[in-house]
Amino acid sequence: QQQVKQSPQSLIVQKGGISIINCAYENTAFDYFPWYQQFPGKGPALLIAIRPDVSEKKEGRFTISFNKSAKQFSLHIMDSQPGDSATYFCAASISWRDDKIIFGKGTRLHILP
Amino acid sequence: DAGVIQSPRHEVTEMGQEVTLRCKPISGHDYLFWYRQTMMRGLELLIYFNNNVPIDDSGMPEDRFSAKMPNASFSTLKIQPSEPRDSAVYFCASKTSGIHEQYFGPGTRLTVT
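The rules behind the values
- Residues numbered from 1 in each chain as written.
- Chains lettered and ligands numbered in written order.
- Predicted model: local features only at pLDDT ≥ 70, side-chain atom pairs only at ≥ 80, totals over all residues.
- Heavy atoms only, no water.
- Pairing = 2+ DSSP bridges.
- Helix = DSSP H or I, 4+ residues; strand = E, 2+ residues; numbered from the N terminus.
- Axes fitted to C-alpha atoms, helices over the stretch in contact; angles between N-to-C directions.
- Patch = residues over 30% accessible without salt bridge, like charges linked within 9 Å, V, L, I, M, F, W, Y side chains within 5 Å.
- Areas by Shrake-Rupley, 256 points an atom, 1.4 Å probe, with all protein chains shown as cover.
- Salt bridge = Lys/Arg side-chain N within 4 Å of Asp/Glu carboxyl O.
- Buried < 20%, exposed > 50% of the residue type's maximum accessible area, 1.4 Å probe, protein only.
- Disulfide = S-S within 2.5 Å.
- Contact = heavy atoms within 4.5 Å.
- Buried area = accessible area lost by both parts, 1.4 Å probe.
- Polar contact = N/O pair within 3.5 Å; in protein donor to acceptor, adjacent residues only side chain to side chain.
- Nonpolar A, V, L, I, M, F, W, Y, C, P; charged D, E, K, R; others polar.
- Core = buried A, V, L, I, M, F, W, Y, C linked by side-chain atoms within 4.5 Å.

Looking now at the sheet that holds strand β1 (residues 5-7) of chain B. Residue and element names in this part refer to chain B. Ordered by their spatial adjacency, four strands build an open sheet running β1-β3-β8-β7, and the pairing between neighbours is antiparallel. Strands at the two margins of the open sheet, each flanked by one partner only, are β1 and β7 (65-71). Put simply, the sheet's adjacent strands are angled 15 degrees from each other on average, direction ignored. As judged from the five bridges shared by β7 and strand β8 (residues 74-79), these two strands associate in the antiparallel manner. Bridge assignment links Asn71 to a residue of β8, and that residue is Phe74.

Glancing now at a nonpolar patch on the surface. Residues and elements named next belong to chain A. On the surface, a cluster of nonpolar side chains totalling about 240 Å² of accessible area is made up of Ile18, Ile20 and Met78. By secondary structure assignment, the location of Ile18 is in the loop between β2 (10-14) and β3 (19-25). For Ile18, a relative accessible area of 46% puts it in the partly exposed group.

Residue placement: B:Phe91 occurs in strand β9 (residues 88-95). Distance from B:Phe91 to B:Pro106, taken between C-alpha atoms, is 6.9 Å for residues 15 residues apart in sequence.

All names here are of chain A. Counting across every chain of the model gives two disulfides over all chains. Across a sulfur-sulfur distance of 1.8 Å, Cys23 and Cys90 are joined as a disulfide pair. Measuring handedness by torsion sign, the sulfur bridge of Cys23 and Cys90 sits at about -95 degrees and is left-handed. Residue Cys23 is found in strand β3, and its partner Cys90 is found in strand β9 (residues 86-92); the two are separated by 67 residues along the sequence. With respect to burial, Cys23 and Cys90 carry one shared label: buried.

Before going further, it helps to spend a moment on the interface of chain B and chain A. Interface size, as often reported, equals the accessible area lost upon joining of the parts. Taken together, the 22 residues of chain B in the interface contact 18 residues of chain A. Both faces combined, the contact of chain B with chain A buries some 1600 Å², and carbon together with sulfur accounts for 54% of it. Contact with chain A buries area across many residues of chain B, yet B:Leu43, B:His100 and B:Phe104 alone supply 33% of it, more than any other trio. Summed over the shared surface of chain B and chain A, the number is one salt bridge. Linking A:Lys100 and B:Asp56 is a salt bridge whose minimum nitrogen-to-oxygen distance equals 2.7 Å. There are five residue pairs in polar contact (both at pLDDT 80 or more) connecting chain B and chain A. Residue assignment for the side of chain B that touches chain A shows that the elements contributing at least two residues are β4 (31-38), β5 (42-50) and β9 of chain B. Split by residue class, the side of chain B that touches chain A holds 11 nonpolar, six polar and five charged.

A:Val4, A:Phe30, A:Phe33, A:Trp35, A:Phe73, A:Leu75 and A:Tyr88 are the most contacted members of the largest nonpolar core, which totals 26 residues. Here this core takes four residues from β9(A), the largest share from any one element. Once you skip the residues sitting within four places of it in the chain, A:Phe73 turns out to touch A:Val4, A:Ile21, A:Asn22, A:Cys23, A:Tyr25, A:Phe33, A:Trp35, A:Ser65, A:Phe66, A:Cys90 and A:Ala91. B:Cys23, B:Leu32, B:Trp34 and B:Leu77 belong to the second-largest nonpolar core, a separate cluster that totals 21 residues.

Structure follows, in structure tokens:
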């Protein structure tokens, strides 16, 4: 019940296309859902985050869509660029109870130039 | 600020040897996390500290792993004895109370032969 399931494991998208990464969770106590971006040889870094009281959050070309009833959330990257090639992790936490984050297994995204 | 600092960046050791990984969190951060990243298991939380006190070590794989935080600016993760299955990238991250974002270091790539 503590897991966050992420798909796909890897994704190849043409430059200018839309990249979509999906995540699902079981624990309804989760109340904070961040996405982290990791470039090769670097540590992950926070990209964007959402709370379940909103259905969508947009920051530039990055959008999180959240479906509370389905217990699913997704990351959309519009107009994908080669510089977006990285590994993306969805995650979840019970922010009021503790400070640890449960990460999905990651999606390796490659944008073709 | 220099960010989270980890050393060494790469470590190659033989099975049975003791390995010590080091981390200096961002100054002023009162939480420190140790993660392990592998292709198979993704990003796993091993242990985290708050104000130098271990809060949750449920992710530590076995007694061969130990972590300490003797002061607010230094933490170690020790593996003794090391085994080939411990080969992974180990990340340290830190954050401050009330803020969910974790700041990751560049990682230590450990290879046990």
